[in-house]
Amino acid sequence: MTTPRLFGIETEYGIAREGMPEIDPVVESMELVRSYLTGPFEQSWDYTGEDPHVDQRGFRVSSLQQDREEDQFAELDSHRPFTFHEMKSDLVLTNGARFYNDHTHPEYSTPECRSLVDLVAHDRAGERIVFRAAQKRNQDLESCHVKLYKNNTDFHGHSYGCHDNYLVSRGIPFEHLSNGLMPFLVTRQIFSGAGKVGIEAQERDSAGGVFQISQRADFMETQCSVDTMHDRPILNTRDEPHADRKKYRRLHLILGDANMCEYATALKVGTTRVVLEMIERGICPSIDLDDPVAAIKTVSQNPTLTVDLPCKSRKAITAVDIQRRYVEAATKALFGTDAETDWILNEWSDVLDQLTRDRSILVGRVDWITKQWLLETFMEAENLEWTDPWLASLDLEYHNVDPEAGLFLSLETAGNSRRVCDDAQIEEAIRSGPSDTRGGIRGLCVSRFPDRIQSVQWERIFFKGGIINPKTLEMGDLFDPDQVWAVREALEQASNPASVCE
Amino acid sequence: MKNRNEPHHFAQWERRERPIDPGPRPPAPKEDTGGPRRPDSGSPEKDELLKRMRKVDPKQAERYRQRTGE
C-alpha cells in the first residue's frame, strides 16, 4: 500500500516599511498578521507536543544552533508588553491555513493538499491573504507603508524559508529517503530556483556582479541536520510528523526557494512527490555525489548548466543529466498512474529539454529564467553591468506581492506566465480548504464553529466542552478521502461539533 | 466519557455510502496551450515593464534588512 499523497507549503515573507530602514520586525509582523482579523485576537494554536529537537534518525538533540540566538531575542522580547502567544498571533483561517508571525516574518502555511492544482491555488491564496493584510495595515498607517516580498534573502546574509512538506510512510528507512532524495534535491533548482543577484553566506553581505539560479543554495551548509536557521541542511531531519507518529513521517524540506511562477511551484512539489513514490518502490537511480553541499552551490552558480558534478563511484554528471535519470526511471514505472502524475512526468521531461535548447520559452514558467530575462532586458535598455546595485533592487521587486508594483505580477497580469490554476480557484482557496483533506475539515470547523474551538494543532482540534470533558477531533490518520468526506458531511450537518467527536 | 487525552479515531466509524463523488482528485494542471509569451522587443508590454522597473529605487536592496528566519 502506498502512502497517501499529502503536501503543503510554508512561506516566510520578507517585510519592510517604505522609507524606514529601521523597523521593529516583531511588531511589524504581529501587526500585519492581526490586520487580517475581523475581530479581537484569541489564542487558538496549541504548541503542545511540538518539539523541533527530535531527529528522524532516531535521537533528540539537546539544543539547536539557533537556541542561543533565540534565547537572546526572547530576553529582548520579554520586556515587551505582550506574551509569547500574543507575539506569535497565530491565526487559523477558514481555508484551514495557518497565518502567524514566525521568527519575525509573516508566515503562511497552506492547508494540506492532495493535488497540485489545490496546492498552487492555496500557495497563491497565501500571497493574496498577506497582501490584503498589508492593505488593511496600510489603511491605518499614514505613511511608510508596509511592503511584502515572497523571496528568501535580504542580500545581507539573512535568509528566510519556503518549506515544502510531504507525508511519508514511517516504514521507509530514513537512509533510503536520504540516498534517494539527495541528488534530486541538489539539482531540482534548475527548474525551481527563483534566481538571485550576487553570492552571499550566513550573516555576510552579498558580493554582487553575478546571477545565480537559487536564492537558498548559498545557505545550505550540511547534508542532513535537524537545524533550520544555522548550518542549514539540504535534507532537514526534524521529526514532527503532525500525524500518527507510528505510521508517518513528515518530510520537511527547507532548501527550496519561494516561487512566483505557478508552474515552478507545481513542478517543484510534483517532481518531489514522484521521487518519494520512486523511493517507496525502490526504483531511484543510484547517483552518489561526491559532495552534495558543494554541488548545490556549484549548480546554482553556473546558470549555463554545463558543469559536471563529481561523483564517488561514477564519472561526473551534469545537473540536467541527473534530473533526466530520475524522470526516465519515473516515467518507466509511473506513467499512466493518473492524470496528475502524467502531467508531472511530461512537464518534467519537457522542461529539461527546453533548458538545454531554447530557454526563452521558459520565461513565465521558471523563475530564475524569468528573472534573468527581466534583468538582462533592463540592463540592455539602461546600459548597466551585472555589478550595478540597481539589479539587486530589481531582484527584490520581482517578489513584491503588490500587483501594482511587483515585477513578476506585472508579467502575469499581462498574460505572460504559465498558469496552473485560475483566479476563481485562488479566490475559492482564500475562502475554504481542500474538500478531500483534513485541511478542509480544519477550515470548515473554523468557519462553522469558531466559538466552540478551544485550540488547534495540525493533527487535531479541541472543542470546548468543559474542563473535564473537552472533545477532540483526531486527524492524525485522517488521510483517506472517503473518511475525510464522511467527517466533513457529519460536521456540515452537526449543530455542535462535539457530537461528531463522540 | 472521553477526556482530552482520549481522542476519537475515525477508523472506528461506520463508513456510509455517499450519493455522489464529493472529492474526486482534482484534475491535473491543464495541458500547455502555447504557454506564456515573452514580451517582444519594442512591444507596449515590454515598454510598460521597463517603465515599472525604472520606478524601482536603485538603493532599496541596500537598505533592505531582515532577521534570519528558518
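Residues numbered from 1 in each chain as written. Chains lettered and ligands numbered in written order. Predicted model: local features only at pLDDT ≥ 70, side-chain atom pairs only at ≥ 80, totals over all residues. Heavy atoms only, no water.

### Structural notes on the interface of chain B and chain A
Working step 1: On the chain A side, the residues contacting the 52 residues of chain B number 99 residues.
Working step 2: Interface area for chain B against chain A, summed over the two sides, is near 6,500 Å², with a carbon-plus-sulfur share of 55%.
Working step 3: Here chain B is connected to chain A by 2 salt bridges.
Working step 4: Residues Glu70 of chain B and Arg238 of chain A are paired through a salt bridge, measuring 2.7 Å at the closest nitrogen-oxygen approach.
Working step 5: Taken together, the elements giving at least two residues each to the side of chain B that touches chain A come down to helix 1 (44-54) and helix 2 (60-63) of chain B.
Working step 6: Broken down by element, the residue count for the side of chain B that touches chain A peaks at 7 residues, all from helix 1 of chain B.
Working step 7: Residue composition of the side of chain B that touches chain A, grouped by class: 20 nonpolar, 10 polar and 22 charged. (Contact = heavy atoms within 4.5 Å. Buried area = accessible area lost by both parts, 1.4 Å probe. Salt bridge = Lys/Arg side-chain N within 4 Å of Asp/Glu carboxyl O. Helix = DSSP H or I, 4+ residues; strand = E, 2+ residues; numbered from the N terminus. Nonpolar A, V, L, I, M, F, W, Y, C, P; charged D, E, K, R; others polar.)

### Brief notes about the packing of aromatic side chains
Residues and elements named next belong to chain A.
Working step 1: Applying the stated criterion across every chain yields a total of 12 aromatic pairs over all chains.
Working step 2: Judged by centre distance (5.1 Å) and plane angle (85 degrees), the ring pair of Tyr248 and Phe479 falls under edge-to-face. Here the residue Tyr248 occupies a position in strand 14 (residues 248-253), and Phe479 occupies one in the loop between strand 19 (471-474) and helix 16 (481-493), the gap between them amounting to 231 residues.
Working step 3: The class of Tyr248 is buried, set by a relative accessible area of 8%.
Working step 4: Members of the aromatic cluster, joined through ring pairs, are Phe184, Tyr326 and Trp348.
Working step 5: Sitting over the face of the ring of Trp45, Arg98 holds its NZ or CZ atom 4.0 Å from the ring centroid. (Phe/Tyr/Trp six-rings, centres within 6.5 Å; stacked < 30°, edge-to-face > 60°. Buried < 20%, exposed > 50% of the residue type's maximum accessible area, 1.4 Å probe, protein only. Lys NZ or Arg CZ within 6 Å of the ring centre and 35° of its normal.)

### A few points about the side chain of Asp55 of chain A
Residues and elements named next belong to chain A.
Working step 1: When you line up the elements, Asp55 lands in strand 3 (residues 54-55).
Working step 2: Owing to a relative accessible area of 2%, Asp55 belongs among the buried residues under this scheme.
Working step 3: Among the polar contacts made by the side chain of Asp55, one reaches the main-chain amide nitrogen of Arg57 at a distance of 2.8 Å. (Polar contact = N/O pair within 3.5 Å; in protein donor to acceptor, adjacent residues only side chain to side chain.)

### Looking at the pairing of strand 13 (residues 232-236) of chain A
Residues and elements named next belong to chain A.
Working step 1: With respect to burial, strand 13 is a largely interior element, 5 of its 5 residues being buried.
Working step 2: Examined bridge by bridge, strand 12 (residues 220-225) and strand 13 share 4 bridges and lie parallel to one another. Residue pairing in the sheet places Thr222 in a bridge with Pro233 of strand 13. (Pairing = 2+ DSSP bridges.)

### Quick notes on the nonpolar core
All names here are of chain A.
Working step 1: Formed by 126 residues in total, the largest nonpolar core has its most connected members in Phe99, Leu181 and Trp348.
Working step 2: A per-element tally of this core places helix 4 (residues 116-140) first, with 11 residues.
Working step 3: Here Trp348 is in contact with Phe184, Phe191, Leu267, Thr271, Val274, Val275, Gln323, Tyr326, Val327 and Ala330, once residues within four sequence places are set aside. (Core = buried A, V, L, I, M, F, W, Y, C linked by side-chain atoms within 4.5 Å.)

### A word on unusual backbone geometry
Trans is the prevailing form of peptide bonds, just as negative phi is the prevailing case for residues other than glycine.
Residues and elements named next belong to chain A.
Working step 1: Its identity as a non-glycine residue notwithstanding, Ser89 has a phi of 50 degrees, on the positive side.
Working step 2: Positive phi, close to 65 degrees, is recorded for Glu203, a residue that is not glycine.
Working step 3: Here Glu203 is to be found in the loop between strand 10 (196-201) and strand 11 (204-212).
Working step 4: You can call Glu203 partly exposed: its relative accessible area is 43%.

### Some thoughts on the domain arrangement of chain A
Residue and element names in this part refer to chain A.
Working step 1: The assigned domain composition of chain A is domain 1 (7-427) and domain 2 (435-501).
Working step 2: Taken over C-alpha atoms, the centre of domain 1 sits 30 Å from the centre of domain 2.
Working step 3: With 24 residues of domain 1 in contact, the opposing surface of domain 2 contributes 20 residues.
Working step 4: Counting each side, the surface lost to burial between domain 1 and domain 2 is near 1,900 Å², with a carbon and sulfur contribution of 54%.
Working step 5: A per-residue breakdown of the area domain 1 buries against domain 2 is headed by Glu112, Arg114 and His242, which together make up 34% of the total.
Working step 6: The interface formed by domain 1 and domain 2 contains 4 salt bridges.
Working step 7: Put simply, Arg114 and Asp436 hold a salt bridge, and the shortest N to O gap is 3.1 Å.
Working step 8: Here domain 1 is connected to domain 2 by 14 residue pairs in polar contact (both at pLDDT 80 or more).
Working step 9: Across the side of domain 1 that touches domain 2, the residue classes break down as 8 nonpolar, 9 polar and 7 charged. (Domains from an automatic or database assignment.)

### Here's the deal with the packing of helix 1 (residues 25-34) of chain A against helix 4 of chain A
Residues and elements named next belong to chain A.
Working step 1: Running from amino to carboxyl end, helix 1 crosses helix 4 at an angle of 100 degrees, the nearest separation of the two axes being 8 Å. Considering their axes alone, helix 1 and helix 4 lie roughly perpendicular with respect to each other. Of helix 4, the residues touching helix 1 (which contributes Glu28, Glu31 and Leu32) are Val130, Ala133, Ala134 and Arg137. (Axes fitted to C-alpha atoms, helices over the stretch in contact; angles between N-to-C directions. Parallel < 35°, antiparallel > 145°, perpendicular 65-115°, else oblique.)

### Side note on the sheet that holds strand 17 (residues 453-457) of chain A
Residues and elements named next belong to chain A.
Working step 1: With respect to topology, 3 strands assemble into an open sheet ordered 17-18-19, the strand pairing being antiparallel. Sheet topology places strand 17 and strand 19 at the edges, where each strand pairs with a single neighbour. Here the average twist between neighbouring strands, direction ignored, is 15 degrees.
Working step 2: Helix 15 (residues 438-448) rests against strand 17, strand 18 (460-463) and strand 19 of the sheet, and its axis sits at about 160 degrees to strand 17.

### Structural notes on the sheet that holds strand 7 (residues 105-109) of chain A
All names here are of chain A.
Working step 1: Sheet architecture is open: 6 strands sit in the order 5-6-7-1-9-14, paired in antiparallel fashion. Of all the strands in the sheet, the pair left with one neighbour each is strand 5 (91-92) and strand 14.
Working step 2: Looking at chain direction, strand 6 (residues 98-102) and strand 7 are connected through 5 bridges and run antiparallel. Each residue of the ladder has a partner; that of Arg98, found in strand 7, is Ser109.
Working step 3: Together, strand 5, strand 6 and strand 7 form the strand contacts of helix 1, whose direction differs from that of strand 6 by roughly 165 degrees.

### Remarks on the pattern of salt bridges
Residue and element names in this part refer to chain A.
Working step 1: Counting across every chain of the model gives 46 salt bridges over all chains.
Working step 2: The salt bridge involving Glu347 is made with Arg418; its shortest N-O contact spans 3.6 Å. On the criterion of sequence distance, the pair formed by Glu347 in helix 10 (residues 339-356) and Arg418 in the loop between helix 13 (407-413) and helix 14 (423-431) is long-range, its members being 71 residues apart.
Working step 3: Where salt bridges share partners, they join Asp123, Arg124, Glu127, Arg128, Arg132, Lys150, Glu262, Glu412, Arg419, Asp423 and Glu427 into one cluster.

### Remarks on the state of the cysteines
All names here are of chain A.
Working step 1: Under the criterion given, the structure shown has 0 disulfides over all chains.
Working step 2: For Cys224, which is in no disulfide, the shortest distance to another cysteine sulfur is to Cys284 and amounts to 15 Å.
Working step 3: Here Cys261 is not cross-linked by a disulfide; its sulfur's nearest cysteine counterpart is in Cys421, at 13 Å.
Working step 4: Classification of Cys261 as buried rests on a relative accessible area of 1%. (Disulfide = S-S within 2.5 Å.)

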